[in-house]
Amino acid sequence: MKYKIQTLGCKVNQFETQALETMLQTRGLTPAGEGETVDVVVVNTCAVTAESGRKSRQAVRHLENENPGALVAVCGCYAQIAADDVATLGVSVVHGSGDKERFADDILAALREKKTIEFTDDPFDRRVMEELPGGAVDGRTRAMLKIEDGCVNFCSYCVIPYARGRVRSLPPVRCAAQTEKLAGKGFRELVVTGIEIASYGRDLEPTCTLADAVEAIARASGDMRVRLGSLEPTVVTEDFCERLKATGKVCDHFHLSLQSGCDETLKAMNRKYDTARFYESVCLLREHFPDCGITADVIAGFPGETEENHSATLAFLKKCGFSAIHVFPYSKRPGTKAAEMPDHLPNAVKVRRAAEVQAVADETEEAYLQSCVGKTLSVLFEREDGEMSIGHADNYTTVCVHKGHLRKLVENVKITGIINKMLVGKIV
Ligand code: SF4
């Protein structure tokens, strides 16, 4: 039996897909090669924006048409919050965002008994995080480990808490055991991910923190360096930075979820910090990890955002000097508080503001890349392009060298220049 999987969305979804592949393979299914007949099509959906919901439905239809005889199974956040919609797409198995083990079993049962199976629970009833096998997505060089699920921050523009439920964490001892296994497989970098890892450990008895998990992972990491997924700025404290630094394993790149550089807009978004607290986090990270890369997410054109608010955001972005910014024009997500707010902005205004944020992003990114020239960075090489090898440095910049056959190796590279937002250098 051959399967084909399409994944939409975040690192957590990618992680869950690689775990699902492991489960399907232990049940005797194998990935379909190019041109091979597919027996099972799986779509792991995303609901972060209305657009990702539309793309999820489109992916289901596309794979159905492409594989007329195949059983279609759908899971993930969009299926969790819109199971009835998904069921109307002629799908045989509909599951939500939880219980991947049961999802794999239900695919086999639907194949065997030629029946339709639908299972979606109330994500707020989930108490324990389902432990899934860590690993790498389709042969990539970096392994991933999901240590947390769920979120109860209820940012006004976000539907994720309704799709993922309350915070559930993988106990530190289990994080260490999974890490040890991955280190044994020869990976050189481990990406620690979750829906909202800053909340890690608040559900455990005794409660613990993200720093506890990172310390446990670092001790078990062998040759792997440890890269953290997206962080809420509130988790960044003196103690947090000192403990991460002391592990000697944490990559000096931090992705902070900012969303806006204006206090009024942050309040309307129901974010849990203001720009002063955010900037404190930036300064703390730079104090303990000099030259670190700090990247951020920004939503442009949030309902009610005035030109003054927007200008405040642009000024704040310049002040922070991010090494990269992911810019998102606000996208109305039905079922969120923000969707019901007044003063939604015309699309042209959102697009224009997003472009202005991107212009600042390009400026600060260029400045950060310039600051890397002359430095020696530790690079994990991930792919080759002719005689060139390309990879990511500790600080998450992209680096290339004129030398082949370096994939999966970590080398020190002296940076000599920049080409198209990519650092170039020589191995030392
Ligand atoms: S922190 Fe906010 S934006 Fe992130 S998943 Fe939770 S509710 Fe959504």
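Our subject is the structure listed above.
Cut-offs used in this document
- Residues numbered from 1 in each chain as written.
- Predicted model: local features only at pLDDT ≥ 70, side-chain atom pairs only at ≥ 80, totals over all residues.
- Heavy atoms only, no water.
- Helix = DSSP H or I, 4+ residues; strand = E, 2+ residues; numbered from the N terminus.
- Rg over C-alpha atoms; globule rule 2.2 N^0.38 Å.
- Buried < 20%, exposed > 50% of the residue type's maximum accessible area, 1.4 Å probe, protein only.
- Contact = heavy atoms within 4.5 Å.
- Areas by Shrake-Rupley, 256 points an atom, 1.4 Å probe, with all protein chains shown as cover.
- Lys, Arg positive; Asp, Glu negative; His and termini not counted.
- Charge placed at Lys NZ, Arg CZ, Asp CG, Glu CD.
- Expected span 1.5 Å × (residues − 1).
- Phe/Tyr/Trp six-rings, centres within 6.5 Å; stacked < 30°, edge-to-face > 60°.
- Arc of directions from axis to C-beta.
- Pairing = 2+ DSSP bridges.
- Axes fitted to C-alpha atoms, helices over the stretch in contact; angles between N-to-C directions.
- Near = heavy atom within 4 Å.
- Nonpolar A, V, L, I, M, F, W, Y, C, P; charged D, E, K, R; others polar.
- Parallel < 35°, antiparallel > 145°, perpendicular 65-115°, else oblique.
- Polar contact = N/O pair within 3.5 Å; in protein donor to acceptor, adjacent residues only side chain to side chain.
- Core = buried A, V, L, I, M, F, W, Y, C linked by side-chain atoms within 4.5 Å.

Draft legend 1. Spatial organisation of the overall build of the protein. Looking only at helices and strands, the protein has 13 helices and 18 strands in total. For a compact globule of 428 residues, the expected C-alpha radius of gyration is about 22 Å, and the protein comes in at 22 Å, within 12% of that figure. For the protein, the spread of C-alpha atoms along the three principal axes comes to 60 × 55 × 50 Å. Residues counted as buried form 55% of the 428 residues belonging to the protein. Contacts spanning at least 24 positions in sequence make up 72% of the contacts within the protein whose residues lie at least 6 apart. Element-wise, carbon and sulfur atoms account for 52% of the exposed surface of the protein, whose accessible area totals about 18000 Å². Here the protein contributes 53 positive and 60 negative side-chain charges, whose respective centroids are spaced 2 Å apart.

Draft legend 2. Quick look at helix H11 (residues 275–288). Spanning 14 residues, H11 covers 20 Å between terminal C-alpha atoms, matching the ideal 20 Å at 1.5 Å per step. Taken as a whole, H11 has its buried residues at Thr275, Arg277, Phe278, Ser281, Val282, Leu284, Leu285 and His288. Buried residues along H11 sit in contact with helix H9 (238–247), strand E11 (253–259), helix H10 (263–268), strand E12 (293–300) and helix H12 (307–320).

Draft legend 3. Just the packing of aromatic side chains, in detail. Here the structure, examined in full by the defined rule, presents nine aromatic pairs. With a centroid separation of 6.4 Å and 85° between ring planes, the pair formed by tyrosine 157 and phenylalanine 302 is classed as edge-to-face. With a gap of 145 residues between them, tyrosine 157 in the loop between strand E7 (142–149) and helix H6 (160–164) and phenylalanine 302 in the loop between E12 and H12 connect regions that are remote in the sequence. Residues tyrosine 157 and phenylalanine 302 agree in their burial class; the two are buried.

Draft legend 4. Molecular detail of helix H2 (residues 50–66). For H2, with 17 residues, the first-to-last C-alpha span of 24 Å sits near the 24 Å given by 1.5 Å per residue. Considered for burial, the residues of H2 that qualify are Ser52, Gly53, Ser56, Ala59, Val60, Leu63 and Glu64. Buried residues along H2 cover an arc of 125° about the axis, so they all sit on one side. Its buried side turned inward, H2 meets strand E1 (2–7), strand E3 (40–45), strand E4 (71–76) and helix H3 (77–81).

Draft legend 5. Spotlight on the sheet that holds strand E5 (residues 93–95). Read across the open sheet, the six strands follow the order E2-E1-E3-E4-E5-E6; overall the sheet is parallel. Every other strand in the sheet has two partners, leaving strand E2 (30–31) and strand E6 (117–119) as the edge strands with one partner each. Packing against the sheet, H2 makes contact with E1, E3 and E4, and its axis sits at approximately 170° to E3. Where helix H5 (residues 100–113) meets the sheet, it contacts E3, E4, E5 and E6, and its direction lies at approximately 165° from that of E4.

Draft legend 6. Summary view of the site of the ligand. For the ligand, the full set of nearby residues is Cys151, Asn153, Phe154, Cys155, Tyr157, Cys158, Ile160, Pro161, Glu196, Glu232 and Arg271. The residue makeup of the shell around the ligand, split by class, is seven nonpolar, one polar and three charged.

Draft legend 7. Spotlight on the packing of helix H8 (residues 210–219) against H9. Running from amino to carboxyl end, H8 crosses H9 at an angle of 5°, the nearest separation of the two axes being 10 Å. Put simply, H8 runs roughly parallel to H9. Facing Leu210, Ala211, Asp212, Val214, Glu215 and Ala218 of H8, the residues of H9 in contact are Phe240, Arg243, Leu244 and Thr247.

Draft legend 8. The side chain of histidine 95, seen in detail. Checked against the element boundaries, histidine 95 lands in strand E5. At 2.8 Å, the side chain of histidine 95 forms a polar contact with the side chain of aspartate 106. Residues in contact with histidine 95, not counting those within four places in the same chain, are Val74, Cys75, Gly76, Ala79, Arg102, Phe103, Asp106, Phe119 and Thr120.

Draft legend 9. Representation of the nonpolar core in the model. Counting residues in hydrophobic clusters, the biggest one holds 56 residues, and the most contacted among them are Ile147 and Phe240. Broken down by element, the residue count for this core peaks at five residues, all from H8. When sequence neighbours within four positions are dropped, the list of residues in contact with phenylalanine 240 reads Leu210, Ala211, Leu228, Leu231 and Val235. In terms of nonpolar packing, the next biggest core, distinct from the first, is built from 32 residues, Val41, Cys46, Ala70 and Val159 among them.

Draft legend 10. A look at the environment of lysine 2. For lysine 2, the position within the fold is in strand E1. Sequence separation of lysine 2 and glycine 391 is 389 residues, and the distance between their C-alpha atoms is 32 Å. Here lysine 2 is in contact with Thr30, Pro31, Ala32, Glu36, Thr37, Val38, Asp39 and Val40, once residues within four sequence places are set aside. Within the structure, lysine 2 has its side chain in polar contact with the side chain of threonine 30 (distance 3.2 Å).

Draft legend 11. Structural context of the sheet that holds strand E13 (residues 324–329). Judged by pairing direction, the sheet is parallel, and its three strands sit side by side in the order E11-E12-E13 without closing on themselves. Each edge of the open sheet is held by one strand with a lone partner, namely E11 and E13. Going across the sheet, the axis of each strand differs from the next one's by a mean of 15°, ignoring polarity. Looking at chain direction, E11 and E12 are connected through six bridges and run parallel. Residue pairing in the sheet places glutamine 259 in a bridge with valine 298 of E12. Where H11 meets the sheet, it contacts E11 and E12, and its direction lies at approximately 175° from that of E11. Where helix H13 (residues 347–372) meets the sheet, its contacts fall on E12 and E13, and the angle it forms with E13 comes to roughly 175°.

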